[in-house]
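Here is what each chain is made of, one letter per residue.
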Amino acid sequence: RHDVDRFVVWGYSAGGAMAACVARGTPRVAGLVCGGCALDFLTPGRMRQMDRRMRPDHPSRSLWWWFNSFNWNDELNAMSCARLLYWGSEDRQMAKRLRRARDQLLLQEVDFVEFAGLDHAACNSREALERTVVPTVVDWVSSRLGPTW
């Protein structure tokens, strides 16, 4: 409708999961930027915990069940777009999972950045976005997709 042939989709936390789903669903995505969301973090125990905490009609509940229905290792391999995952080093659970996945991410040619000293909330704060996160993502887009992508 707006004659956008290619675009970069970017989301953080639950928005990162949504961005991954968008990137999975359309070949028009030139780049995926997924922050604060390990694409394999919904273990059966975590899903049960989320189910107990969320009302049955909570909108996020259906997102997480749908998101968790994909094998994100396979999905990342199948995506033709550039991919960047980022997280804060003090987001301990996320950092631990993503550090363990580094070798696999490298094999899949997925780029990643760990922002030192930031927890989950701070990594998405206005200050961190302005000072560190947005400039890093802009540099990544330019280097991976070129200046005129």
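Here's what I pulled together on the structure shown here. Predicted, not measured: the structure shown is a model, and the values here were computed from it.

## Overview of the packing of aromatic side chains
Now for step 1: Summed over the entire model, instances satisfying the criterion amount to four aromatic pairs.
Now for step 2: On the numbers, 6.1 Å between centres and 20 degrees between planes, the contact of Trp87 with Phe112 is stacked. Of this pair, Trp87 sits in strand β3 (residues 82-88) while Phe112 sits in strand β4 (residues 111-115); the two residues are 25 residues apart in sequence, bridging distant segments of the chain.
Now for step 3: Classification of Phe112 by relative accessible area gives partly exposed; the value is 23%.
Now for step 4: Each member of the aromatic cluster is reached from another via a ring pair, and the members are Trp10, Tyr12, Tyr86 and Phe115.

## Some remarks on unusual backbone geometry
Now for step 1: Look at Asp3: it is not a glycine, yet its phi comes out positive at around 55 degrees.
Now for step 2: The residue Asp3 is located in the segment before β1 (7-12) in this model.
Now for step 3: Of note in this structure, Ser13 is not a glycine but carries a positive phi near 60 degrees.
Now for step 4: Within the element layout of this structure, Ser13 appears in the loop between β1 and α1 (14-25).
Now for step 5: Relative accessible area serves as the criterion here: at 25%, Ser13 is assigned to the partly exposed category.

## A closer look at the pairing of β3
Now for step 1: Most of β3 is tucked away: seven of the seven residues are buried.
Now for step 2: Across five bridges, strand β2 (residues 29-35) lies against β3 in parallel orientation. By the bridge assignment, Gly35 is partnered in β3 with Tyr86.

## Section: the packing of α1 against helix α3 (residues 59-67)
Now for step 1: With their axes 11 Å apart at the nearest point, α1 and α3 run at an angle of 50 degrees to one another. Taken together, the axes of α1 and α3 lie oblique to each other. In this structure, α1 meets α3 at a crossing whose hand is left-handed. Residues Ala14, Ala17, Met18 and Cys21 of α1 pack against Leu63, Trp64, Trp66 and Phe67 of α3.

Cut-off values and rules
Per chain, residue numbering runs from 1 following the sequence as it is written. Local features in a predicted model are, by the rule used here, given only for residues with pLDDT of at least 70; side-chain atom pairs are given and counted only at 80 or more, and totals for whole chains, interfaces and linings are based on all residues. Water and hydrogen atoms were dropped before computing side-chain values, which therefore reflect all heavy atoms in the structure. Ring pairs shown here join Phe, Tyr and Trp side chains whose ring centres sit within 6.5 Å, with only the six-membered ring taken for Trp; geometry is labelled stacked below 30 degrees between planes, edge-to-face above 60, and tilted in between. Put simply, DSSP H or I for four residues or longer makes a helix, DSSP E for two residues or longer makes a strand, and each gets a number counted from the N terminus. Burial here depends on accessible area, computed with a 1.4 Å probe over protein chains only, as a share of the maximum for the residue type. Under 20% is buried, over 50% is exposed, and the range in between is partly exposed. A pair of strands is considered paired only if DSSP assigns at least 2 bridges between the two. Angular values range over 0 to 180 degrees, each being the angle between N-to-C directions of two axes fitted as lines to C-alpha atoms, with helices fitted over their stretch in contact. To sort the angles, those under 35 degrees are grouped as roughly parallel, those over 145 as roughly antiparallel, those from 65 to 115 as roughly perpendicular, and the leftovers as oblique. Crossing chirality is assigned from the near helix's rotation relative to the far helix, an anticlockwise turn below a right angle marking it left-handed and a clockwise turn marking it right-handed. Contacts between residues were defined by any pair of non-hydrogen atoms, one from each residue, lying within 4.5 Å.

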